[in-house]
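# Inside the fold
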Amino acid sequence: YLDDVIDQCDLFLAITGDYWFTNIKNGPTLRWLPKMVQLNLAVDRSQFPKIKTVFNPAGKRKFLYIGNDHPGKSLSYLSSIATRQEDYEFAWAGKGATYQGLKKLGYVDFSAAEGRQVVASYDFMITVGKADANPTTILEALSWGLIPICTGTSGYSNEYGILNIPKDDVTSACSILSDLQLADASYLSNLTEAGSLLID
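Everything in this summary refers to the structure shown in the same document. Not measured: the values here are computed from a predicted model. (Residues numbered from 1 in each chain as written. Predicted model: local features only at pLDDT ≥ 70, side-chain atom pairs only at ≥ 80, totals over all residues. Heavy atoms only, no water.)

## Examining the packing of aromatic side chains
We apply this condition: Only rings of Phe, Tyr and Trp enter the pairing, Trp through its six-membered ring, and a pair is recorded when the two centres are within 6.5 Å. The plane angle decides the type: under 30 degrees is stacked, over 60 is edge-to-face, the rest tilted. For helices the rule is a DSSP run of H or I covering at least 4 residues; for strands it is a run of E covering at least 2, with both sets numbered from the N terminus onward. Note on exposure labels: buried denotes an accessible area under 20% of the residue type's maximum, exposed denotes more than 50%, and partly exposed covers the range between, all computed with a 1.4 Å probe on protein chains only. Placement of a charge over a ring requires the Lys NZ or Arg CZ to be within 6 Å of the ring centre, with the centre-to-atom vector within 35 degrees of the ring normal.
Taken as a whole, this structure holds 8 aromatic pairs when the rule is applied. Geometrically, the ring pair formed by F12 and W32 is edge-to-face, given 5.7 Å between the ring centres and 80° between the ring planes. Here F12 is found in strand β1 (residues 12-15), whereas its partner W32 is found in the loop between α2 (18-22) and β2 (36-39), with 20 residues between them in sequence. The exposure class of F12 is partly exposed, given its relative accessible area of 21%. Judged by relative accessible area, W32 falls into the buried class, the value being 9%. Judged by centre distance (5.1 Å) and plane angle (20°), the rings of F63 and F124 are stacked. Taken together, the residues F63 in strand β3 (residues 62-66) and F124 in strand β6 (residues 124-127) connect sequence positions 61 residues apart. No difference in accessibility class separates F63 from F124, as the two residues are buried. By the ring-pair criterion, three or more aromatic residues cluster together here, those being F48, F110 and W144. Over the face of the ring belonging to Y122 we find K62, whose NZ or CZ atom lies 4.6 Å from the ring centre.

Right, here's the structure in full:
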């Protein structure tokens, strides 16, 4: 839908993660590249203060998805993961249909103390988009002290502090999440510190 106007633009500021920007050469928007400047999103850390200080015990760690159920967010995939790992808690803060395996929290006000308490009870923020340019929830999670887990097609890949799981491979994704359930707390703390540097 932008292709008809891109030739009349001097510059296109592309808000998108590295995964997508490095793959422009492989897609239909290659001719836009000379006009494109990649931008990352950001958050005001004072609005997303560090609230996660202690991880839940091994085997009792919890996963939180924040967002809607737009098809690009691929909640059916997250549901498949959560259903396979029914011993672990997967919750969803946001609006949309009901998905098996996801504890539906509905709207959560993250600016309120009660909402932040909800967030602090989780260890990981998980998002599995298949077409998600640069979700701010990853940055919010980093700022709060949660460890983000995402597919590369959520924009982020190969950044220490943000963990990746494969797209459309439930078995491999579950194996990674199971390892995180049993990971040493010091490893998780190192990831949190690296995430804090990333968000800075």
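## Regarding the side chain of T153
We count it as follows: Polar contacts, as used here, are pairs of N or O atoms within 3.5 Å; protein pairs need one atom able to donate a hydrogen and one able to accept it. Residues neighboring in sequence count only if both atoms are side-chain atoms. Whether two residues touch is decided by their heavy atoms; if any such pair falls within 4.5 Å, the residues are in contact.
You can see T153 is positioned in the loop between β7 (147-151) and β8 (163-165). On the accessibility criterion, T153 (5% relative accessible area) is buried. At 2.7 Å, the side chain of T153 forms a polar contact with the backbone oxygen of G129. Ignoring anything within four residues of it in the chain, the contact list for T153 reads Y19, W20, G129, K130, A131, D132 and K167.

## Re the state of the cysteines
The condition that has to hold: Only a pair of cysteine sulfur atoms within 2.5 Å counts as a disulfide in this structure description.
A complete count under the given rule lists 0 disulfides for this structure. Between C174, a cysteine without a disulfide, and C150, which holds the nearest cysteine sulfur, the sulfur-to-sulfur distance is 16 Å.

## Some points on the environment of L78
Mapping L78 onto the fold places it in helix α3 (residues 75-84). What makes L78 buried here is its relative accessible area of 1%. L78 sits 92 residues away from V170 along the chain, and the two C-alpha atoms are 8.7 Å apart. In this structure L78 touches Y65, F90, L102, I126 and V128, once residues within four positions along its chain are discounted.

## Section: the sheet that holds strand β5 (residues 103-106)
The criterion, for reference: Pairing between two strands is assigned when DSSP locates at least 2 bridges connecting them. Interaxial angles span 0 to 180 degrees and are taken between N-to-C directions of axes, which are lines fitted to C-alpha atoms, for helices over the stretch in contact.
The strand order across the open sheet formed by 6 strands is β5-β4-β3-β6-β7-β8, and the pairing between neighbours is parallel. For this open sheet the edge positions go to β5 and β8, each flanked by a neighbour on one side alone. For this sheet, the mean inter-axis angle between neighbouring strands, taken without regard to orientation, is 30°. When β3 meets strand β4 (residues 89-93), the two strands line up parallel, connected through 5 bridges. Counterpart to Y65 in the pairing with β4 is W92. Relative to β7, helix α7 (residues 185-199) is tilted by about 80°, and along the sheet it contacts β6, β7 and β8.

## Details of α3
Regarding α3, the residues found buried are L75, Y77, L78, S79, I81 and A82. Along its buried surface, α3 packs onto β3, β4, β6, β7, β8 and α6 (170-182).

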